[in-house]
Each structure stands twice: as C-alpha cells, then as structure tokens.
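For reference, the chains in residue letters:
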Amino acid sequence: MDGALVVVGCGGHGREIAGLVRAEGRWEPAGFVDDGPAPDNLARLARLGIPFLGGLDRLARTGPDTRYVLGIGDPRVRRAVAARVDAHGLRPATVVHPAATVGAEVDLAEGVVLFAGARVTTNVTLGRHTHLNQNATVGHDSVLGAYVTVGPLAAVSGTCRIGDGVLIGTTAAVLQGLTVGADATVGAGACVTRDVPPGVVVKGVPAR
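Attention in this report is confined to the structure presented alongside it.

**Things to note about the overall build of the chain**
Inference 1: When you go through the chain residue by residue, the secondary structure sums to three helices and 23 strands.
Inference 2: Expressed as lengths along the three principal axes of its C-alpha atoms, the size of the chain is roughly 45 × 35 × 30 Å.
Inference 3: About 8600 Å² of surface is accessible on the chain, with carbon and sulfur atoms providing 54% of the total.
Inference 4: Each charge class in the chain was averaged separately, 19 positive and 18 negative side chains, and the resulting centres sit 5 Å apart.

**Here we look at the pattern of salt bridges**
Inference 1: Counted according to the given criterion, the structure contains seven salt bridges.
Inference 2: A salt bridge links Arg84 to Asp57, with the nearest nitrogen and oxygen atoms 3.8 Å apart. Remark: Asp57 occurs in the loop between β3 (52–54) and β4 (67–70) and Arg84 occurs in helix α3 (residues 75–86); sequence separation between them is 27 residues.
Inference 3: Judged by relative accessible area, Arg84 falls into the partly exposed class, the value being 40%.

**Details of unusual backbone geometry**
Inference 1: Cis geometry is adopted by the peptide bond preceding Pro206, which originates at Val205 and carries an omega value of -5°.
Inference 2: When you line up the elements, Pro206 lands in the segment after β23 (201–202).
Inference 3: Although it is not a glycine, Thr159 adopts a positive phi angle of roughly 55°.
Inference 4: Of note, Thr171 is a non-glycine position whose phi angle comes to about 65°, a positive value.
Inference 5: By the element assignment, Thr171 lies in the loop between β18 (167–168) and β19 (173–174).

**A closer look at α3**
Inference 1: Between its first and last C-alpha, α3 extends 16 Å over 12 residues, near the 16 Å set by a 1.5 Å rise per residue.
Inference 2: Along α3, the residues classified as buried are Pro75, Arg78, Val81, Ala82 and Val85. One side of α3 holds all its buried residues, which, seen down the axis, span an arc of 125°.
Inference 3: Its side-chain oxygen 2.9 Å from the backbone nitrogen of Arg76, Asp74 forms the N-cap of α3.

**Points about the nonpolar core**
Inference 1: One finds Leu114, Leu132, Leu144, Ile162 and Ile168 to be the most contacted residues of the largest nonpolar core, which totals 31 residues.
Inference 2: Not counting residues within four places of it along the chain, the set of residues in contact with Leu114 comprises Leu20, Val95, Val96, His97, Ala100, Val102, Leu108, Val120, Leu126 and Leu132.
Inference 3: Formed by 16 residues, the second largest nonpolar core is a distinct cluster that contains Leu5, Phe32, Leu45 and Phe115.

**Description of the environment of Glu16**
Inference 1: Considering the arrangement of structural elements, one finds Glu16 in helix α1 (residues 12–24).
Inference 2: Judged by relative accessible area, Glu16 falls into the partly exposed class, the value being 41%.
Inference 3: C-alpha of Glu16 to C-alpha of Ala83: the two residues are 67 residues apart in sequence and 22 Å apart in space.
Inference 4: Setting aside anything within four residues of it in sequence, one finds Glu16 in contact with Phe115 and Gln134.

**Observations regarding the sheet that holds strand β14 (residues 143–144)**
Inference 1: Here we have five strands laid out as an open sheet, ordered β8-β11-β14-β17-β20, and parallel in their pairing. Unpaired on one side and paired on the other, β8 (107–108) and β20 (179–180) mark the two borders of the sheet.
Inference 2: Bridging between β8 and strand β11 (residues 125–126) involves two bridges; their strand directions are parallel. Bridging across to β11, Asp107 finds its partner in Thr125.

How each quantity is defined
Residues numbered from 1 in each chain as written. Predicted model: local features only at pLDDT ≥ 70, side-chain atom pairs only at ≥ 80, totals over all residues. Heavy atoms only, no water. Helix = DSSP H or I, 4+ residues; strand = E, 2+ residues; numbered from the N terminus. Areas by Shrake-Rupley, 256 points an atom, 1.4 Å probe, with all protein chains shown as cover. Lys, Arg positive; Asp, Glu negative; His and termini not counted. Charge placed at Lys NZ, Arg CZ, Asp CG, Glu CD. Salt bridge = Lys/Arg side-chain N within 4 Å of Asp/Glu carboxyl O. Buried < 20%, exposed > 50% of the residue type's maximum accessible area, 1.4 Å probe, protein only. Expected span 1.5 Å × (residues − 1). Arc of directions from axis to C-beta. Polar contact = N/O pair within 3.5 Å; in protein donor to acceptor, adjacent residues only side chain to side chain. Core = buried A, V, L, I, M, F, W, Y, C linked by side-chain atoms within 4.5 Å. Contact = heavy atoms within 4.5 Å. Pairing = 2+ DSSP bridges.

Structure, rendered in structure tokens:
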C-alpha cells in the first residue's frame, strides 16, 4: 500500500469513494473528516469499520505523506473544500476503480476519481478533482476542466470542452464537439445539442 489516505466528506458520495479506494487497493482509508456529519452517516461509517477522525482541521495534524480524496458530489462545494484542505499542505490522490477503463494518451490530474464502469477513451484530459461516476463515458479528444462531476450513465462525446465546475446529471448526453461553459449544470436525462454558456442550467431533450 502507498500510505495513509483520508476521505473528506462522510455522506453517501464519500462512502462510495471509500469503497472505490478499497477496491483499487493502493490505500486503506485511514478515516473520514467532515465538519458537520449527520448522525446517520456516522453510524454508517461505524458499520464500514472506517473511523471518523473529526473536522477538516484534523488534517493539520496528519503526517506529510498523508493523501486525501474529496468525497463530495457537488462541484462548487468540492472546490471550496479543496481550497481549505490544500491550505494544510496535503496532496490529493487520484483514484481509479479497477473496473474503470482508461485509454491511451489520457491525462488524469490530481484528485480525479473514476468510479466502477467509467470509460475514458483516448487523448482525453480530466482536470483536478473531476469525478466520473458509475458507467459515465468520455469520448476521444475531450477536455474536462477542474471540479467537473459527470453523473452515472452520462455521456460526454468526442472533442467536447467542459468548463470548470460543470455538473452533468445522471444519463445526460453532450453531443460531439460541443462546449459546456464553466459552472453550468446539465440536468439529468438532458441531451445537449448546442453549446451551453457558462453558469446556466439546461434540461430536456434537446437541452434548453
């Protein structure tokens, strides 16, 4: 194993990522940190056998080799929490489930998380702390910025440009060659057929 890894956020997304970390086998999760854990989530952690370490300030007392992964689904919250964690001098881990597929000439930045069944083809760039959920796909020559979330079963086609902080909902599709601007949201089940400006929410088929 490569050393200690802390999961930030003990909600459902974080607990799923803890399972992913165990499946990858490079780390055993050393514990969770969360500033406001719900009692139900703490009980679920106990059943998983992974300790709750305390709030985010607990990271200031970890060793220099400790890595972290953000177990937070919302891109905007993930970006804000990353700034706090990075202030403690920790480096994020990149975690890839063994059932994910990564093709040739793919650049995965620090903090990228690929869930089981995620598919990344060839000549793709994924930015820092971008998460591809279960069975999401990204086609050839696409570039995804930092803090992007691609929901389960969503598809980003080839040569797309996805800006920082974009949320692409479950089963949504972004068609070939399109751009989705920073901090935009593509609703669940939407089909993007034209460029999406930054900061807007689109939904439906075609997405509007």
